[in-house]
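# Structural overview
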Amino acid sequence: MQSHSPIFKSAKAETRFYSVYDAAMELWPIPYQEHDIPTSYGSTHVIISGPEDAPPIILFHCALMTSAIWSPIIEELSRNHRTYAVDVIGDVGKTIPSNPPLSEKDLANWVVEIYEFFKIKSAKVLGWSFGGFVATNFTIHEPERVEKLGLLAP
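Let us look at the structure shown here. This structure is a prediction, so every number in the text was calculated from the model and none was measured. (Residues numbered from 1 in each chain as written. Predicted model: local features only at pLDDT ≥ 70, side-chain atom pairs only at ≥ 80, totals over all residues. Heavy atoms only, no water.)

### Here's the deal with the nonpolar core
Using the following cut-off: By convention a nonpolar core is built from buried Ala, Val, Leu, Ile, Met, Phe, Trp, Tyr and Cys residues, the set being connected through side-chain atoms within 4.5 Å. Using a 1.4 Å probe on the protein chains alone, a residue whose accessible area is under 20% of its type maximum counts as buried, one over 50% counts as exposed, and one in between counts as partly exposed. For the purposes of this entry, the term helix denotes a DSSP run of H or I that reaches at least four residues, the term strand denotes a run of E that reaches at least two, and both are numbered from the N terminus. Should any heavy atoms of two residues lie within 4.5 Å, those residues are counted as being in contact.
Among the nonpolar cores identified, the biggest contains 25 residues, and Ile 58, Phe 60, Trp 110, Tyr 115 and Phe 118 are the most heavily contacted of them. Here this core gets 7 residues from one element, more than from any other, and that element is helix H3 (residues 104-117). Phe 118 has contacts with His 35, Ile 37, Val 46, Ile 48 and Tyr 84, leaving out every residue within four places of it along the chain.

### Regarding the packing of aromatic side chains
Stated formally: The aromatic pairing rule takes the rings of Phe, Tyr and Trp, using the six-membered ring of Trp, and pairs them if the centres are within 6.5 Å, calling planes under 30 degrees apart stacked, those over 60 edge-to-face and the rest tilted. Cation placement over rings: the criterion is NZ of Lys or CZ of Arg within 6 Å of the ring centroid and within 35° of the ring normal.
Evaluated as defined, the whole model comprises 9 aromatic pairs. An angle of 50 degrees between the planes, with centres 5.0 Å apart, marks the rings of Tyr 84 and Phe 118 as tilted. Here Tyr 84 is found in strand S4 (residues 82-86), whereas its partner Phe 118 is found in the loop between H3 and strand S6 (123-128), with 34 residues between them in sequence. Judged by its relative accessible area of 9%, Tyr 84 falls in the buried class. According to the relative accessible area criterion, Phe 118 is buried, its value standing at 16%. Pairwise contacts between aromatic rings join Phe 17, Tyr 18 and Tyr 21 into one cluster. Sitting above the plane of the Tyr 21 ring, Lys 94 keeps its charged end 4.8 Å from the centroid.

### Description of the pairing of strand S1 (residues 33-39)
In regular strands, side chains alternate between the two faces of the sheet. Formally: Here, a strand pair is defined by DSSP locating no fewer than two bridges between the strands.
As defined by bridge partners, S1 adjoins strand S2 (residues 42-49) across 7 bridges and the pair is classed as antiparallel. Note on S2: the bridge partner recorded for Asp 36 is His 45. Hairpin connection, S1 to S2: the antiparallel pair is bridged by 2 residues.

### Focus on the pattern of salt bridges
Close approach of charged atoms allows side chains of opposite charge to pair. Cut-off, in case you're wondering: By convention in these notes, a salt bridge is any Lys or Arg side-chain nitrogen within 4 Å of a carboxyl oxygen on Asp or Glu.
Throughout the structure, instances matching the rule amount to 6 salt bridges. Note that Glu 76 and Arg 79 form a salt bridge whose closest N and O atoms lie 2.4 Å from each other. Placement of both Glu 76 and Arg 79 in helix H2 (residues 71-79) is noted, with a separation of 3 residues, approximately one turn of the helix. Across the pair Glu 142 and Lys 105 runs a salt bridge, and its minimum N-O distance is 3.5 Å. Placement of Glu 142 in the loop between helix H4 (130-141) and strand S7 (146-152) and of Lys 105 in helix H3 is noted, with a sequence separation of 37 residues between them. What you see here is one network of salt bridges that share partners, running through Lys 105, Glu 116, Glu 142 and Arg 145.

### Describing the side chain of Asp 87
Put simply, the test is: Within this scheme the basic residues Lys and Arg register as positive and the acidic residues Asp and Glu register as negative, but His and the chain ends are omitted.
Within the element layout of this structure, Asp 87 appears in the loop between S4 and strand S5 (96-97). One buried charged residue, Asp 87, forms no salt bridge at all, with the nearest opposite charge on Lys 94 at 6.9 Å. Setting aside chain neighbours within four positions, we find Asp 87 in contact with Tyr 21, Thr 44, His 45, His 61, Thr 66, Ser 67, Gly 93, Lys 94, Thr 95 and Trp 110.

### Digging into the environment of Glu 76
We count it as follows: Counted as a polar contact is a pair of N or O atoms within 3.5 Å, where, for protein atoms, one must be capable of donating a hydrogen and the other of accepting one, and residues adjacent in sequence contribute only when both atoms are in side chains.
Classification of Glu 76 by relative accessible area gives exposed; the value is 53%. The sequence separation of Glu 76 and Val 92 amounts to 16 residues, and the corresponding C-alpha distance is 25 Å. Within the structure, the side chain of Glu 76 is placed 2.4 Å from the side chain of Arg 79, a separation counted as a polar contact.

### What to know about unusual backbone geometry
Positive phi, normally seen in glycine, also occurs at Lys 119, with a value near 60 degrees. Tracing the sequence through the fold places Lys 119 in the loop between H3 and S6. A positive phi angle, close to 45 degrees, is found at Ala 153, a residue other than glycine. Among the structural elements, Ala 153 can be located in the segment after S7.

As structure tokens, this is what we get:
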């Protein structure tokens, strides 16, 4: 199991949450890999699907959800893209903030570090609700890294 996240009030709540998250991932309809990548803001959890040589699309989920929320449409998104579903820092999920972003620029820099880890120069970015804020903020600060911006219920 991962290190303790400050998002949870107790280790018991965290353990229960991870159990439910793992059960939700059983609904992911296609093969995937999970990565916990180091950033200067904390460990960031990313679920990756789709062909390795396909163009990338970065997915940011809605508030109080996790990347598992993408399971109903991930098969379609992953058909022609390498999808990177990111658990948003500071929200519930498996991303563990150790030095949370304190500004919108910090939040954009967190996304830059994800891009750099996976060697992504530019990508399509899709944000759902609060994830739309994360995606839009990133686009404002790093427009050359966003090929297209998609927003669902922003």
